[in-house]
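Next come the chains, spelled out residue by residue.
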Amino acid sequence: MRTVMQDRMGTAMGTNRRNVLAGIGAGVAASIAESAFAQGGGRGRRKLGYAIVGLGSYATRQIMPRFKECDSSRLVALVSGTPAKLTRYAAEYDIPAGNCYGYRDFDRIRDNPAIDIVYIVLPNSLHAEYSIRAARAGKHVMCEKPMATSVAEAQAMIAASRAAARMLMVGYRSRFEPHNRLAIELARGGHVGPTRIVTAEHGFAAQPGQWRLDRALSGGGSLMDIGIYSLNAARYLTGEEPVSVQAVESTDRRDPRFRTVEDRIDFMLRFPSGAIANCVSSYSSNHNRYRVVGTGGDIDLEPATSYDGQRMTIRRDGATTARVLPAERRSQFALQLDHLSDCVTSGRAPIVAGEEGLADMRVIEAIYRSAREGRSVRFDRA
Ligand code: NAD
C-alpha cells in the first residue's frame, strides 16, 4: 500500500524523471533528492522536540550531532540508565536537568510538552516496550532498525501508535541518502530495463562481548542487525514484496561469538515480477554493496548503505558512468529526523512507517524458518 507521502514523492520525482533518465546529472539528482523532502517545509516553523532514549554509540556519535543540521527538529530531552551520561550529554547539548530521565521514570515524559517525538536507540529487544510506552505517553515514535524482534512485537507497536493516534517511523536512514534515492528512482524507473536480479551484501566482523551477540537482547544475529539492509534494499529497489524466500545459514557454533546468534545467513527472495534478490548477511566478513541488474544494464552501489562515501556505477548501452553525488546540506540522519517532524506537522504518513518495519519482520521470520526447515517458504497474501 502506498502512503500519501510516497505518492507525493513519486510526483515530485516524476516531474524530473526525464532529466534523470537522460543524463543522470549529479546536480539534477541532488535537486530531485532535496525536493523530495523539502515539501514539509520545516524552515521557519517551530522545531519539534526529540527525546533520545539510549545514549549508546549510534545515538551519541551519529544522531545527536546531526540535530544542528535540522530544519524541523531539535534535541530537547535525554533518557538513560547511566546518570553520568545524562550529566555529560545534557551539558554538551544544553538540555535542562528537568528534561533528563531514567528508564524507571521514563513514563513521566507524558507530562513534558516540549517532547513531541521519542527516538528509541536501545538494543533490539527493548524497542517494542519503549515504543509502546512512548505512544501511551502521547508521543510520536522514531524506532531504530530492526523495528522489533518479532512480527507480533511489530504489530503491537503499530497497534499502540494507532490507539494513541500518534505516528511511528522506523530508522531506515538509507531511504534519505541521495545515492540510494537515485538508485531507487533509476531501478524502478526502468533506466537499466526491468529488474531481473538484485544482489545485496551486508556484513562486518562482529566483536565479542556486545549485546548484539546475546539473543535475549538482539533477537537474532547478523540478519537482525546488518542483513536487514540487504533485505530492505531488495524491497526498496524492486518496490515489490517477495512471494517466497529460501535461506541457508552457515554458523560455526564453536566460535564463542555465535553461541546464541547466527553468523552467516544467505537468502534468495523471489518477487512477483520474476525478479530475484540474492542476499548476504554476515557477522564474519565485510560487505556493503548492492547491484541491480536489469535487461539493459546495471546499477552498482559500493559502499551502499554506509554513513557516507557512497559510490555509484551505472552501466547501460555499453557505457559506464561513475557517480558520486555532492553532499547535501542535511545528511541522511538529519533528513530522517526532519521527515518525521514534517510528517507530524503535516499529517502525512512517513515513507518508512511502522508497516515498513513490519514488512521486514515478516520476511525475517520467514528467512529463519526457511533456514531451520531447509525448504523454501512462501508468503500467503490475501
Ligand atoms: P550501543 O550498545 O552502543 O547502545 C545501546 C544503548 O542502550 C547503551 O547506551 C546501553 O547503555 C543502553 N541500554 C539500555 N538498556 C540496556 C540493556 N538492558 N542492555 C544493554 N544496553 C542497554 O548500541 P548501538 O550500536 O547504539 O545500537 C542501538 C540501536 O541502534 C540498535 O537497535 C541498533 O540496531 C541501532 N543502530 C542503527 C544504526 C543505523 O545505521 N540505523 C547504526 C547502529 C545501531
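Above: the structure in question.
Please read these numbers as outputs of a predicted model, since none were measured by experiment.

**Q** Which residues make up the packing of aromatic side chains, and what are the values?
**A** One pass over the full model with this rule turns up 9 aromatic pairs. Residues F106 and Y130 carry aromatic rings whose centres are separated by 5.2 Å and whose planes lie at 70° to one another, so their mutual orientation is edge-to-face. One end of the pair, F106, is in the loop between β3 (100-101) and β4 (117-120); the other, Y130, is in helix α5 (residues 127-136), with 24 residues separating them in the sequence. In terms of burial, F106 and Y130 fall into one category: buried. With a centroid separation of 5.5 Å and 65° between ring planes, the pair formed by Y307 and F333 is classed as edge-to-face. Of this pair, Y307 sits in the loop between β12 (297-301) and β13 (312-316) while F333 sits in helix α10 (residues 332-346), and the two are 26 residues apart along the sequence.

**Q** Tell me what's going on with the pattern of salt bridges, and back it up with residues and numbers.
**A** Considering all chains together, one arrives at 25 salt bridges under this definition. Between D298 and R315 there is a salt bridge whose closest N-O contact spans 2.3 Å. Of the two residues, D298 sits in strand β12 while R315 sits in strand β13, which places them 17 residues apart along the sequence. Judged by relative accessible area, which is 12%, D298 ranks as buried. R330 serves as the salt-bridge partner of D338, at 2.9 Å between the closest nitrogen and oxygen. Using a relative accessible area of 0% as the deciding quantity, one classes D338 as buried. For R330, a relative accessible area of 4% corresponds to the buried category.

**Q** Before we move on, could you go through the environment of I117 and cite the residues and values that matter?
**A** You can see I117 is positioned in strand β4. Separated by 22 residues in sequence, I117 and K139 place their C-alpha atoms 5.5 Å apart.

**Q** Run through helix α7 (residues 178-188), naming residues and quoting values.
**A** Of all 11 residues making up α7, 10 are buried, and the element is well covered by its neighbours. Looking at α7, one finds that the buried residues are P178, H179, N180, R181, L182, A183, I184, E185, L186 and A187. G190 sits one or two positions beyond α7 and adopts a positive phi of about 80°.

**Q** Quick rundown of the nonpolar core? Include the residues and the values.
**A** Grouped together as the largest cluster of nonpolar side chains are 111 residues, with contacts concentrated most on I52 and L78. Per-domain counts for this core show at least three residues from each of domain 1 (5-171 + 334-351) and domain 2 (175-317 + 362-378). Apart from residues lying up to four places away in sequence, L78 is in contact with I52, L55, M64, L86, Y89, A90, I95, N99, C100 and Y101.

**Q** Now, about the sheet that holds strand β9 (residues 264-270): what can you tell me, with residues and values included?
**A** Think of a sheet as strands paired side by side through backbone hydrogen bonds, with each pair either parallel or antiparallel. Read across the open sheet, the 9 strands follow the order β14-β13-β12-β11-β7-β10-β9-β8-β15; overall the sheet is mixed. The open sheet has two edge strands with one neighbour each: β14 (319-323) and β15 (377-378). In this structure, strand β8 (residues 244-250) lies alongside β15, joined through 2 bridges in antiparallel fashion. In the strand pairing of β15, S244 is matched with R378. Along the sheet, α7 makes contact with β7 (195-203), β11 (287-294), β12, β13 and β14, crossing β12 at roughly 165°.

**Q** Tell me about the site of the ligand, and name the residues and values.
**A** Around the ligand, a shell composed of 23 residues is seen, among which S57, N124, R173, W211 and R212 lie nearest. For the ligand, an oxygen atom lies 2.8 Å from a polar atom in the side chain of N124. Burial of the ligand by the surrounding chains reaches 78%, relative to a free accessible area of 830 Å². Elements with a minimum of two residues in the shell around the ligand: α3 (57-63) and α9 (222-238). Across the shell around the ligand, the residue classes break down as 12 nonpolar, 5 polar and 6 charged. Here the shell around the ligand spans two domains, and each of domain 1 (5-171 + 334-351) and domain 2 (175-317 + 362-378) adds at least three residues to it.

**Q** Give a detailed account of the sheet that holds β3, specifying residues and quantitative values.
**A** A sheet is described by the order of its strands in space; here 6 strands give the open sequence β3-β2-β1-β4-β5-β6, paired in parallel fashion. Either end of the sheet is taken by a strand with one partner, and the two such strands are β3 and β6 (168-170). Bridge count for strand β1 (residues 48-53) against strand β2 (residues 73-79) is 6 bridges, and the pairing is parallel. Each residue of the ladder has a partner; that of L48, found in β2, is S73. Lying on the sheet, helix α4 (residues 83-93) is in contact with β2 and β3; it crosses β2 at an angle near 160°.

About the cut-offs
- Residues numbered from 1 in each chain as written.
- Predicted model: local features only at pLDDT ≥ 70, side-chain atom pairs only at ≥ 80, totals over all residues.
- Heavy atoms only, no water.
- Phe/Tyr/Trp six-rings, centres within 6.5 Å; stacked < 30°, edge-to-face > 60°.
- Helix = DSSP H or I, 4+ residues; strand = E, 2+ residues; numbered from the N terminus.
- Buried < 20%, exposed > 50% of the residue type's maximum accessible area, 1.4 Å probe, protein only.
- Salt bridge = Lys/Arg side-chain N within 4 Å of Asp/Glu carboxyl O.
- Core = buried A, V, L, I, M, F, W, Y, C linked by side-chain atoms within 4.5 Å.
- Domains from an automatic or database assignment.
- Contact = heavy atoms within 4.5 Å.
- Pairing = 2+ DSSP bridges.
- Axes fitted to C-alpha atoms, helices over the stretch in contact; angles between N-to-C directions.
- Near = heavy atom within 4 Å.
- Polar contact = N/O pair within 3.5 Å; in protein donor to acceptor, adjacent residues only side chain to side chain.
- Areas by Shrake-Rupley, 256 points an atom, 1.4 Å probe, with all protein chains shown as cover.
- Nonpolar A, V, L, I, M, F, W, Y, C, P; charged D, E, K, R; others polar.

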